[in-house]
Amino acid sequence: MDGWFTTEEPYTLIGARCSACGTYVFPPRSGACPNPGCDGTDLEPAELSRRGRIWSYTENHYAPPAPYVAADPFEPYALAAVELEAEGLVILGQVAKGVMAADLEIGMEVEVDLQVLFTDDDGVEKWVWTWAPAAPSGGAR
Amino acid sequence: MSDDRDLVVLGTGMHPWGKWGRNFVEYGLVAAREALADADVAWRDIEFVAGADTIRNGYPGFVSGSTFSQALGWTGAQISSSYAACASGAQALQSARAQLLAGFADVAMVIGADTTPKGFFAPVGGERKEDPDWQRFHLLGATNPSFFALNARRRIDVFGDTPEDFAMVKVKNSKAAVHNPYARFRKEFTLEDFASSPIVSDPLRLLDVCATSDGAAALIVCTPEYAKRKLGTLEGTVRIKAVANTTPTYPQVRLELPDIATDSRAVVAPPALGFKDSIAHNAYEQAGLGPDDISCAEVYDLSTALELDWYENLGLCAEGEGAKLVRDGVTALGGRVPVNASGGLSSFGEAIPAQAIAQVCELTRQLQGRCEGHQVEGASVGLAINQGLFGHGSCTILAT
Ligand SMILES: [Zn+2]
């Protein structure tokens, strides 16, 4: 999804911010501010905080139906809903490959990374954001 | 409790839930005929037909009001067709209710039926990059059980619930379903059955998550004046006291299907009542009733853990105390306020456009004392609540 995240390090999600009231929205959108008390129509792309804390998480043991492109053989993966404090958003994402539910807990700090979602019929890799355990503080911000 | 906006439920009808893959219209006709017979009303006398749509059965599913009118034989009746995901049936009921309360008609049919494919609910076909339902499947593999599991995990880590508490919901509902001829799964489950049930979305197992089913339900509803002319009295009739179709208030700060993110709380503070709390609140306000008045409830148990959420959203207990109610048997048959005495979605499997109507069928029959084997003794007020994708909440309250 073009424009939902940066493709160069440090990776960040890109939402939109209303220039009138300052509220955020993810995925980015245009045309109308989601705040019903605001008449703003000017939503500007905004890079969101790289780090957040896990609000909740799960681990899927069955391959989802299409349009998900499941690996064959299917490998379980974790999902996390992560709260970004400054933006007041909770954003869902797959957790970095290899990090499973047993490795996670509510309140844990994670950061945005990218991984390959699937490789299409022409051999082109499609990328998506993931939540990865945050590097020790002092790491990339 | 005012009665100036009451309607009467004159008849109820259902096709048993199952998985046969036949044309959904076939199921709907069975439910329609049963409801008409129960109401003792002729099809040609129905003035308004409110259909609840199915989006997985082609054009006839999108125009359900018309589909069932033609199938039963065109009579020139007025119609509507509603889609509101899991709340479609309740929205169809609201459509009929508005017509009847406005005086445009005196008697109406509300009907929904579905045929469902096997497995997880998938979005309808085609590449639709702008559709949030397509996005969450394609980008994240975020199935419906994934969302239920996020809520269940919160219950465990924040409230101290255990997977066994969730299992007790299924055990309770399966016990009631044994006696309900319309339920698809009529086998009693035990806690031991959960150990061998595979994890779907941690911490939820297959037995924690509701299946998808074929099924159909129909109601005949009318104005009190029509009922009085027909029955001679309103004594003993089941009245619709409230139908609330409620959307969220910005900012919606709980992650809800099918959204990838919540609204932002950065600029506007969240409303005092969260979305699911507000669904029940609006119905209580309409009916002039509160949680203490409820004899029994049908709640949308898409997962076992979600049923516990509903106890709290309905005000049957404080937030975080839902598990105690199921542990203490408060919500079981014979308890203070039985919930899902029908067996719930866990025993039916979800037939989307029929499910909210089936909830009202069950409550009506409970209030009429017709639920042998799963009867809530002395039931006088029943509440049905559900929530569909894309911000569709609905709550219906019935009373004798
Ligand atoms: Zn704004």
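Provided above is the structure to which this section pertains.
Residues numbered from 1 in each chain as written. Chains lettered and ligands numbered in written order. Predicted model: local features only at pLDDT ≥ 70, side-chain atom pairs only at ≥ 80, totals over all residues. Heavy atoms only, no water.

*Asks:* Tell me about the nonpolar core, and name the residues and values.
*Replies:* Residues Phe26, Ile91, Trp129 and Trp131 of chain A are the most contacted members of the largest nonpolar core, which totals 93 residues. The greatest single-element share of this core, amounting to 7 residues, is contributed by strand E5 (residues 77–84) of chain A. By size, the runner-up hydrophobic cluster in this structure holds 38 residues, among which are Ala92, Ala217, Val238 and Phe348 of chain B. (Core = buried A, V, L, I, M, F, W, Y, C linked by side-chain atoms within 4.5 Å. Buried < 20%, exposed > 50% of the residue type's maximum accessible area, 1.4 Å probe, protein only. Helix = DSSP H or I, 4+ residues; strand = E, 2+ residues; numbered from the N terminus.)

*Asks:* So what's going on with the packing of aromatic side chains? Residues and values would help.
*Replies:* Counted by the stated rule, this structure contains 9 aromatic pairs over all chains. Geometrically, the ring pair formed by Trp4 of chain A and Phe26 of chain A is edge-to-face, given 5.8 Å between the ring centres and 70° between the ring planes. Taken together, the residues Trp4 of chain A in the segment before strand E1 (14–18) and Phe26 of chain A in the loop between strand E2 (24–25) and strand E3 (43–47) connect sequence positions 22 residues apart. Judged by its relative accessible area of 7%, Trp4 of chain A is buried. For Phe26 of chain A, a relative accessible area of 3% gives the class buried. Three or more aromatic residues joined by ring pairs make a cluster, and in this case those are Trp4, Phe5, Phe26 and Trp129 of chain A. The side chain of Lys187 of chain B reaches across the aromatic face of Phe189 of chain B, ending 4.2 Å from its centre. One residue, Lys276 of chain B, lies across the ring of Trp310 of chain B, its end atom 4.2 Å from the ring centre. (Phe/Tyr/Trp six-rings, centres within 6.5 Å; stacked < 30°, edge-to-face > 60°. Lys NZ or Arg CZ within 6 Å of the ring centre and 35° of its normal.)

*Asks:* Describe in detail the coordination of the zinc ion, supporting the description with residues and values.
*Replies:* Reference values for coordination geometry: four tetrahedral donors around a metal ideally subtend 109.5 degrees, six octahedral donors ideally subtend 90 or 180 degrees. Residues and elements named next belong to chain A. Within the first shell, the zinc ion binds the protein through Cys18 (SG), Cys21 (SG), Cys33 (SG) and Cys38 (SG), at distances of 2.3 to 2.4 Å. Look at where the donors of the zinc ion fall in the sequence and you get C-x2-C-x11-C-x4-C. Separated by 17 residues along the polypeptide, Cys21 in the loop between E1 and E2 and Cys38 in the loop between E2 and E3 bring together distant segments of the chain. (Donors = N, O, S within 2.8 Å, 3.2 Å for Na, K, Ca; no water.)

*Asks:* So what's going on with the sheet that holds strand E8 (residues 238–246) of chain B? Which residues, and what values?
*Replies:* Residues and elements named next belong to chain B. Spatially, 9 strands are ordered E3-E2-E4-E7-E1-E8-E11-E10-E9 in an open sheet, and the strand pairing comes out mixed. Each of the sheet's edge strands pairs with one partner strand only, and the pair in question is strand E3 (78–82) and strand E9 (296–299). For this sheet, the mean inter-axis angle between neighbouring strands, taken without regard to orientation, is 20°. For strand E1 (residues 7–18) and E8, the ladder comprises 3 bridges, and the chain directions are antiparallel. (Pairing = 2+ DSSP bridges. Axes fitted to C-alpha atoms, helices over the stretch in contact; angles between N-to-C directions.)

*Asks:* Run through the packing of helix H1 (residues 24–39) of chain B against helix H3 (residues 64–72) of chain B, naming residues and quoting values.
*Replies:* Residue and element names in this part refer to chain B. At a minimum axis distance of 10 Å, the contact between H1 and H3 shows a crossing angle of 70°. Considering the angle they form, H1 stands roughly perpendicular to H3. Where H1 crosses over H3, the handedness of that crossing is right-handed. Contact residues: H1 offers Phe24, Val25, Gly28, Leu29 and Ala32, while H3 offers Thr67, Phe68, Ala71 and Leu72. Taken together, the residues of the contact of H1 with H3 break down into 7 nonpolar, 2 polar and no charged. (Parallel < 35°, antiparallel > 145°, perpendicular 65-115°, else oblique. Left-handed = near helix turned anticlockwise from the far one by under 90°. Contact = heavy atoms within 4.5 Å. Nonpolar A, V, L, I, M, F, W, Y, C, P; charged D, E, K, R; others polar.)

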